Amino acid sequence: MSYIRQIINYVRKAQEIAAEHGFKNLLQPGLVKELVVADILGHEVHRTKHEPDAFDPANPDRKFEYLSCFEGGTFQLDRMFKSPQDKRAKSLERITRNTAIYCAVFDEESPLDVIAIYEVPVEVMLREAERQLDASRNDISHVGFTIKWARQHGKVVHTKQA
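Below or above, wherever it landed, is the structure these notes cover. Predicted model only: the values in this text are computed from it and were never measured.

Across its full length, the protein chain carries 5 helices and 8 strands. If you list the helices and strands of the protein chain from N to C, you get α-α-β-β-β-β-α-β-β-α-β-α-β. Relative to the 2.2 N^0.38 estimate, which gives 15 Å for 162 residues, the radius of gyration of the protein chain is 17 Å and therefore close to what a compact globule would have. The principal-axis extents of the C-alpha atoms in the protein chain amount to approximately 55 × 35 × 35 Å. Taking all 162 residues of the protein chain together, 36% fall into the buried category.

Attention shifts here to the environment of T159. Here T159 shows up in strand β8 (residues 155–159). Along the backbone, T159 and I95 are 64 residues apart, and their C-alpha atoms lie at a distance of 24 Å. When near neighbours in sequence (up to four residues on either side) are disregarded, T159 contacts I115 and A116.

A few words now on the state of the cysteines. Within the structure shown, the criterion is met by 0 disulfides. Not part of a disulfide, C69 finds its nearest cysteine sulfur in C103, a span of 7.9 Å. With a relative accessible area of 0%, C103 lands in the buried category.

Here we come to unusual backbone geometry. Note the cis peptide between S83 and P84, where omega equals 0°. Tracing the backbone shows P84 in the loop between β4 (74–81) and α3 (85–96). We note that R79 has phi near 55°; this positive angle belongs to a residue other than glycine. Summarising the element assignment, R79 is placed in strand β4.

This part is about the pattern of salt bridges. As enumerated under the stated definition, the model contains 9 salt bridges in all. When the shortest N-O distance is used, the salt bridge between E16 and K13 registers 3.3 Å. With E16 and K13 both in helix α1 (residues 3–20), this residue pair falls 3 residues apart, about one helical turn. R94 is paired through a salt bridge with D78; the nearest N and O atoms lie 3.4 Å apart. Pair noted here: R94 is in helix α3 and D78 is in strand β4, with a separation of 16 residues, a long-range link. For D78, a relative accessible area of 40% gives the class partly exposed.

Here we take up the packing of aromatic side chains. Scanning all chains against the criterion turns up 3 aromatic pairs. Summarising the aromatic geometry, the rings of F145 and W149 are spaced 5.0 Å apart at their centres and angled 45° between planes, so their arrangement reads as tilted. Owing to a relative accessible area of 11%, W149 belongs among the buried residues under this scheme. Taking the ring centre of F70 as reference, the NZ or CZ of K33 above it sits at 4.3 Å. Lying over the aromatic face of F106, K33 brings its terminal NZ or CZ to 5.0 Å of the ring centre.

Conventions adopted
- Residues numbered from 1 in each chain as written.
- Predicted model: local features only at pLDDT ≥ 70, side-chain atom pairs only at ≥ 80, totals over all residues.
- Heavy atoms only, no water.
- Helix = DSSP H or I, 4+ residues; strand = E, 2+ residues; numbered from the N terminus.
- Rg over C-alpha atoms; globule rule 2.2 N^0.38 Å.
- Buried < 20%, exposed > 50% of the residue type's maximum accessible area, 1.4 Å probe, protein only.
- Contact = heavy atoms within 4.5 Å.
- Disulfide = S-S within 2.5 Å.
- Salt bridge = Lys/Arg side-chain N within 4 Å of Asp/Glu carboxyl O.
- Phe/Tyr/Trp six-rings, centres within 6.5 Å; stacked < 30°, edge-to-face > 60°.
- Lys NZ or Arg CZ within 6 Å of the ring centre and 35° of its normal.

Here it is in structure tokens:
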């Protein structure tokens, strides 16, 4: 069996397992990383795209957003509106609807391994997002957070075991 067919067969099997648990498209951008982070933190992942990324299985009202990047990268919330005001408020709901925001740094050499996860308070993330939107010259922007920023403003909740 060729390595290509072997990879495809494993991905098909993974998709089959995912579908049994309500995930229609395992290859949806970001989903596998969300599953990795949720597994580490003991969360459950939302099955639909326009919801928070995860929630507390003991209390589904506790919702979480996951941002991820590789070492040296930045965490991003894309397509955030500065204006008009109604679209800005809707964009910022991606932050405010959550109990906490988790910033996960993945290992570029081993992309399913998490190096660190920082829990950033919602109000801190919101304040920085609003600052960046206010400073932007565009009505639609990507809002970015460096790993250093997450380290300074959040708390470490996971580090890779050596």
